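Observations on the model geometry
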Amino acid sequence: MYMHNNKPLVSIIIPTFNEEKNIVRLLKSISRQTYKQIETIVVDDGSTDKTVELASKLKARVFAREHSERSVQRNFGAKEAKGEYLMFLDADMELSKDVVKECLEKTSTE
């Protein structure tokens, strides 16, 4: 388990295929999270657009897995993840700034 300042790492896993029109919005919303212990993993299925390039520029860990179903992409991302918690998102999503923090609060045992 990876922790920094006693805060667990959250791995966000995003399967993609030709998502250049969406991926920047999602990745920027991840970078604006109030909870900062996040790794972002993009598992791409052979995009022919700029999805991989854009995700790499925005500091996501990018893996190419051609001809993979979405579930295969998600499972691959989970195996590569270093976080204690996994969050699976689609490229066309956008997060409000406190979503990761709120999810962690819901999972904590007090």
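Just above sits the structure.
Heads up: these notes are all about the structure in this document. (Residues numbered from 1 in each chain as written. Predicted model: local features only at pLDDT ≥ 70, side-chain atom pairs only at ≥ 80, totals over all residues. Heavy atoms only, no water.)

Overall, the coordinates contain one aromatic pair when judged by the stated rule. Plain terms: the ring middles of Phe 63 and Phe 76 are 5.3 Å apart, the flat faces sit at 75° to each other, and that makes the pair edge-to-face. Of this pair, Phe 63 sits in strand β5 (residues 61-64) while Phe 76 sits in helix α3 (residues 70-80), placing them 13 residues apart in sequence. For the pair shown, Phe 63 and Phe 76 are each scored as buried. (Phe/Tyr/Trp six-rings, centres within 6.5 Å; stacked < 30°, edge-to-face > 60°. Helix = DSSP H or I, 4+ residues; strand = E, 2+ residues; numbered from the N terminus. Buried < 20%, exposed > 50% of the residue type's maximum accessible area, 1.4 Å probe, protein only.)

Let us look at the pairing of β5. As judged from the four bridges shared by strand β4 (residues 38-44) and β5, these two strands associate in the parallel manner. Among the inter-strand pairings, Val 43 is bridged to a residue of β5, identified as Phe 63. Taking the sense of rotation as the criterion, the β-α-β connection linking β4, helix α2 (residues 51-57) and β5 turns out right-handed. (Pairing = 2+ DSSP bridges. Right-handed = clockwise from strand over helix to strand, strands pointing away.)

Moving on to the nonpolar core. In terms of nonpolar packing, the biggest core is built from 18 residues, with Val 10, Ile 12, Ile 14, Ile 30, Leu 89 and Val 100 touching the most fellow members. Of all the elements in the fold, those that place two or more residues in this core are β3 (10-16), α1 (23-31), β4 and α4 (99-107). Counting residues per element, this core draws most heavily on α1, which supplies four residues. Beyond its immediate chain neighbours, meaning those up to four positions away, Leu 89 contacts Ile 12, Ile 13, Ile 14, Pro 15, Leu 26, Ile 30 and Leu 95. Grouped together as the second largest cluster of nonpolar side chains are six residues, Ile 41, Val 43, Phe 63 and Phe 76 included. (Core = buried A, V, L, I, M, F, W, Y, C linked by side-chain atoms within 4.5 Å. Contact = heavy atoms within 4.5 Å.)

This paragraph deals with the sheet that holds β4. Read from one edge to the other, the open sheet built from four strands follows the order β5-β4-β3-β6, with strand pairing classed as parallel. Edge strands, defined here as strands with exactly one partner in the open sheet, are β5 and β6 (85-88). If you compare each strand with its neighbour and ignore which way they point, the axes differ by 20° on average. Across the sheet, α1 lies against β3 and β4, angled at about 180° from β3, the strand it touches most. On the sheet, α4 packs against β3, β4 and β6 and is oriented at approximately 130° with respect to β6. (Axes fitted to C-alpha atoms, helices over the stretch in contact; angles between N-to-C directions.)

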